[in-house]
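Coordinates in review
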Amino acid sequence: MIKGVMFDFSGTLLRVEPTEEWLAAALAETGIPSAEPEFGETARRLTEYGALPGGPSPRHMPAHLETLWDRRDLSAEQHRAAYGGLARAAGITDPELTRALYDRHMTPAAWRPYPDTAPTLRALRRRGLPVAVVSNIGWDLRPVFRTHGLDELVDAYVLSFELGAQKPDPVIFRTACDRLGLAPADVLMVGDSREADGGARALGCPVYFVDHLPVDRRPGALTPLLDLLGPA
């Protein structure tokens, strides 16, 4: 019987804005002009190198960033360095724009909840099931949840950069279960990564996967898990 639920953050509960909007917001903040052909090409390169945290994974990984990339979510400094390195590899040469791009993705405005996120979390609250957010991340996402009215529906946050452990390491899932006061077998893990979120299985947690899709292309993906949990 499921007594609590762990959720991944990016691609599960919320999705980061598209690369073009991310780039446009950073350019507007810095006042750097960009003509349409140049803008499109810059957005394409940023996407290709996976420079937007929470966005598409890199299709090209510079050799000098490989080790840093694997450990990026273990500290705020490594996270910023990894994504700053990818932005530079994509052709961003202005340090101010590199900073603005990274800072933009940490703002609540850059994130959009999936349509069924709030209804699902409220349904779990009504059922008395505690919720933890378990994320591989290099910054504090709590302000994002507060701004979108979701913080009151979350009982615990377990963030890799604060813990010094990242999924699929069982330590991060064990910590979340402990903070919920539940045995791993009683806590469902919900995420979009078979590799990272699937690591909860090592503790005996059941796992439910959703697809990491744009907000307008993944309606109702969380709703079936309520049926999985049984009657309210």
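As shown above, the structure is provided for reference.
Attention in this report is confined to the structure presented alongside it. All residue numbers here refer to positions counted from 1 along the written sequence of the relevant chain. Totals for whole chains, interfaces and linings use every residue, but because this is a predicted model, local features are given only for residues with pLDDT of at least 70 and side-chain atom pairs only at 80 or more, for both listing and counting. No hydrogens and no water enter the side-chain calculation; it runs on all heavy atoms of the structure.

1. Considering the overall build of the chain
For the record, the criterion: Numbering goes from the N terminus for both helices and strands, where a helix is a DSSP run of H or I of at least four residues and a strand is a run of E of at least two. The atom set for the radius of gyration is the C-alpha atoms, and the globule formula is 2.2 Å times the number of residues raised to the power 0.38. Methods summary: accessible areas were calculated by the Shrake-Rupley approach with a probe of 1.4 Å, and residue burial reflects only the protein chains presented. Charge convention: Lys and Arg are scored as positive, Asp and Glu as negative, and His as well as the terminal groups of each chain are ignored. To locate a charge, take NZ of a lysine, CZ of an arginine, CG of an aspartate or CD of a glutamate.
Helix and strand counts for the chain stand at 10 helices and seven strands. Compactness check: the chain gives a C-alpha radius of gyration of 18 Å against a globular reference of 17 Å for 232 residues, within 12% of the reference. If you line up the chain on its principal axes, its C-alpha atoms span 55 × 35 × 25 Å. Only carbon and sulfur atoms are counted for the fraction: they give 52% of the accessible area of the chain, which is about 10,300 Å². Taken as two groups, the 25 positive and 31 negative side-chain charges of the chain have centres that lie 4 Å from each other.

2. Structural notes on the packing of helix α1 (residues 19-30) against helix α5 (residues 95-105)
Note the threshold: Orientation is described by lines fitted to C-alpha atoms, with helices fitted over the stretch in contact, and by angles between N-to-C directions that extend from 0 to 180 degrees. To sort the angles, those under 35 degrees are grouped as roughly parallel, those over 145 as roughly antiparallel, those from 65 to 115 as roughly perpendicular, and the leftovers as oblique. Helix crossings get a hand from a simple test, with the near helix turned counterclockwise from the far one by less than a right angle marking a left-handed crossing and a clockwise turn marking a right-handed one. Should any heavy atoms of two residues lie within 4.5 Å, those residues are counted as being in contact. Residues are sorted three ways: Asp, Glu, Lys and Arg are charged, Ala, Val, Leu, Ile, Met, Phe, Trp, Tyr, Cys and Pro are nonpolar, and all the rest, Gly among them, are polar.
In the contact formed by α1 and α5, the axes pass within 9 Å of each other and the chain directions differ by 125°. In terms of axis orientation, α1 runs oblique to α5. The chirality of how α1 crosses α5 is right-handed. Across the interface between the two elements, W22, L23, A25, A26, L27, E29 and T30 of α1 pack against E96, L97, R99, A100, L101, R104 and H105 of α5. Grouping the amino acids of the contact of α1 with α5 by side-chain chemistry returns eight nonpolar, two polar and four charged.

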